Amino acid sequence: MTKLITIPKFAQMTGLPYRLCLQLVGTGQIPSVPVGSRRRIDVRWVEQWLAAGGYRNDK
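These numbers were taken from a predicted model, which means no experiment stands behind them. (Residues numbered from 1 in each chain as written. Predicted model: local features only at pLDDT ≥ 70, side-chain atom pairs only at ≥ 80, totals over all residues. Heavy atoms only, no water.)

Engineer: Tell me what's going on with the nonpolar core, and back it up with residues and numbers.
Structural biologist: Residues I5, F10, L16, C21, I30 and I41 are the most contacted members of the largest nonpolar core, which totals 14 residues. Of all the elements in the fold, those that place two or more residues in this core are α1 (7-14), α2 (18-26) and α3 (43-51). Here this core takes 4 residues from α2, the largest share from any one element. (Core = buried A, V, L, I, M, F, W, Y, C linked by side-chain atoms within 4.5 Å. Buried < 20%, exposed > 50% of the residue type's maximum accessible area, 1.4 Å probe, protein only. Helix = DSSP H or I, 4+ residues; strand = E, 2+ residues; numbered from the N terminus.)

Structure below.
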């Protein structure tokens, strides 16, 4: 079974600010799935994303 995490847990795992995580999820840069009225992130994707270097601000 797939393990899903909340946006605050994602922020904690990555060390990114919570508001940045909300923005990344909201713009679709972080894939998430709706669970009720909230969004959840697949932990397997997070681990793969972190292994690839994580977030880079290209601005």
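Picking up after the structure, the text goes on.
Engineer: Give a description of the pattern of salt bridges that names residues and reports values.
Structural biologist: Proximity of charged atoms lets side chains of opposite charge pair with each other. One pass over the full model with this rule turns up 1 salt bridge. Two residues, R44 and D42, come together in a salt bridge whose shortest N-O distance is 2.9 Å. The exposed category is assigned to R44, whose relative accessible area is 52%. (Salt bridge = Lys/Arg side-chain N within 4 Å of Asp/Glu carboxyl O.)

Engineer: Lay out the sheet that holds strand β2 (residues 33-35) in plain terms, naming residues and giving numbers.
Structural biologist: Across the sheet, which stays open at both edges, the 3 strands sit in the order β1-β3-β2 with antiparallel pairing between neighbours. The open sheet has two edge strands, β1 (4-5) and β2, and neither has a second partner. Direction of pairing for β2 relative to strand β3 (residues 38-42): antiparallel, over a ladder of 3 bridges. Across the sheet, residue P34 finds its bridge partner in β3, namely R39. Its contacts with the sheet put α3 on β1 and β3, and the angle it makes with β3 is roughly 55 degrees. (Pairing = 2+ DSSP bridges. Contact = heavy atoms within 4.5 Å. Axes fitted to C-alpha atoms, helices over the stretch in contact; angles between N-to-C directions.)

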